[in-house]
Amino acid sequence: MGAPSPVGGATNRLFDPLSAWYARTARDLPWRDAGCSPWGVLVSEVMLQQTPVARVLPVWRRWMEQWPTPADLAAAGPGEAVRAWDRLGYPRRALRLVDAAVAIRDLHGGRVPAEEEVLRSLPGIGEYTAAAVASFAFGRRAVVVDTNVRRVQARVVTGVALPAPSYTAAERRLATGLLPEDAADSVQWNIGLMELGALVCTARAPRCRECPLQAECAWVAAGSPAHDGPPRRGQKWAGTDRQARGRIVQALREADGPLPRAEVLAASGAPEAQAERCLAGLLEDGLAEGDDATGYALPT
DNA sequence: AATCCGTGGAC
DNA sequence: TGTCCAAGGAT
């Protein structure tokens, strides 16, 4: 690759060791293959939203075999997609991916758009995913900031253990200033930071001894101080609507045909009022359909 | 801006 | 064992 030619001085010092480390260490993931289509990249990015790589891999492979193009998925029913989504979690992502495929087919000639603004208009594609697809699928210069990039930036540049609870304008500004000017370099930078955050600069027990940026890391230089700030509130799980909804969708996914209302409510494992609320919510979201007469099932 | 939305592995 | 958290998005 060519010279980094970044605007900021920090990137000058970080780019080469990061690139060398990536070339040596990066995982061989199918959506990183040169032959992977932009659609394959887009599907991977949506599946990877809040879901670990190891769980995405087998589902992505089946998905791409079944629906190798946006038009293939656009022709499928949402229920098929939710079933193929399996246990990745947040199954509304599967519905939005179908909607995105329909938009790509009907509004964009069946091809995944390369421009961030156009990608952003697709259902389920937000700031991160639009930038990631533009960068990784099309080699565009885009500011890609995910949880890994935020954490690496926080440590290496800002010198704190963890980033703020939610993505801030200051973080976006910092990432924008760090991004190499050259498009090809910017892609390397983005993927390198993400991989470093995933494999070395991890949330819990960072492997600083293996880090190619250790010598340049502001957090290490400061003595790796513990997180200073409001304790991060862990999300509750037991007894929540999310748990009950998950159980209902799981029951619908595994069922051969429509389930009676009573069976759906029982599957939720929740008190009746909560179970009713969750079923209503799933119907509203399009993750279930039916009525008391026909029974309830995944959408057709 | 804060909350909601699944799932399961790691520790 | 319970807590943490993983390539976020929508409202």
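Let me sum up the structure you'll find in this document. Worth saying up front: this structure is predicted, and the values here are computed from it rather than measured. Once a new chain begins, its residue numbering starts again from 1 and follows that chain's sequence as written. Labels follow written order: the first chain is A, the first ligand is 1, and so on. In keeping with the predicted nature of the model, local features appear solely for residues at pLDDT of at least 70, side-chain atom pairs appear and are counted solely at 80 or more, and the whole-chain, interface and lining totals rest on all residues. Excluded from the side-chain calculation are hydrogens and water; included are all heavy atoms of the structure.

Each Phe, Tyr or Trp ring, with Trp reduced to its six-membered ring, pairs with another whose centre is within 6.5 Å; inter-plane angles below 30 degrees give stacked pairs, above 60 give edge-to-face pairs, and intermediate values give tilted ones. By the definition in use, this model includes 3 aromatic pairs. Centroid distance Trp63 to Trp85: 5.7 Å. Interplanar angle 80°. Geometry classified as edge-to-face. Here Trp63 is found in helix H3 (residues 53–66), whereas its partner Trp85 is found in helix H5 (residues 78–85), with 22 residues between them in sequence. Residue burial is assigned from relative accessible area. The probe radius is 1.4 Å, only protein chains are included, and a residue is buried under 20% of its type maximum, exposed over 50%, and partly exposed in between. In this structure Trp63 comes out as buried when scored by relative accessible area, which is 1%. Linked through ring pairs, Trp63, Trp67 and Trp85 together constitute an aromatic cluster. Two conditions define a charge sitting above a ring: the NZ of Lys or the CZ of Arg must be within 6 Å of the ring centre, and it must be within 35 degrees of the ring normal. Positioned above the aromatic ring of Trp219, the side-chain terminus of Arg155 is 4.9 Å from the ring centre. Secondary structure is summarised from DSSP: a helix means a run of H or I of at least four residues, a strand means a run of E of at least two, and numbering begins at the N terminus for each.

Okay, the protein's contact with DNA strand C next. We call a residue near a given molecule or strand whenever any one of its heavy atoms falls within 4 Å of it. If you check the shell around DNA strand C, you find 28 residues, and the closest are Glu45, Leu48, Gly124, Thr129 and Asp146. The sugar-phosphate portion of DNA strand C accounts for 61% of its atoms within 4 Å of the protein, the bases making up the rest. Under the rule applied, a polar contact is a pair of N or O atoms within 3.5 Å (in protein, one hydrogen donor and one hydrogen acceptor; residues adjacent in sequence only if both atoms are side-chain atoms). Asn148 places a side-chain nitrogen or oxygen 2.9 Å from a sugar or linking oxygen of DNA strand C. Where the surface near DNA strand C is concerned, the elements lending two or more residues are helix H8 (127–138), helix H9 (147–158) and helix H11 (183–199). In this count, Pro and Cys sit with the nonpolar residues alongside Ala, Val, Leu, Ile, Met, Phe, Trp and Tyr, while Asp, Glu, Lys and Arg are called charged and the others, Gly among them, polar. Looking at side-chain class alone, the surface near DNA strand C contains 10 nonpolar, 9 polar and 9 charged residues.

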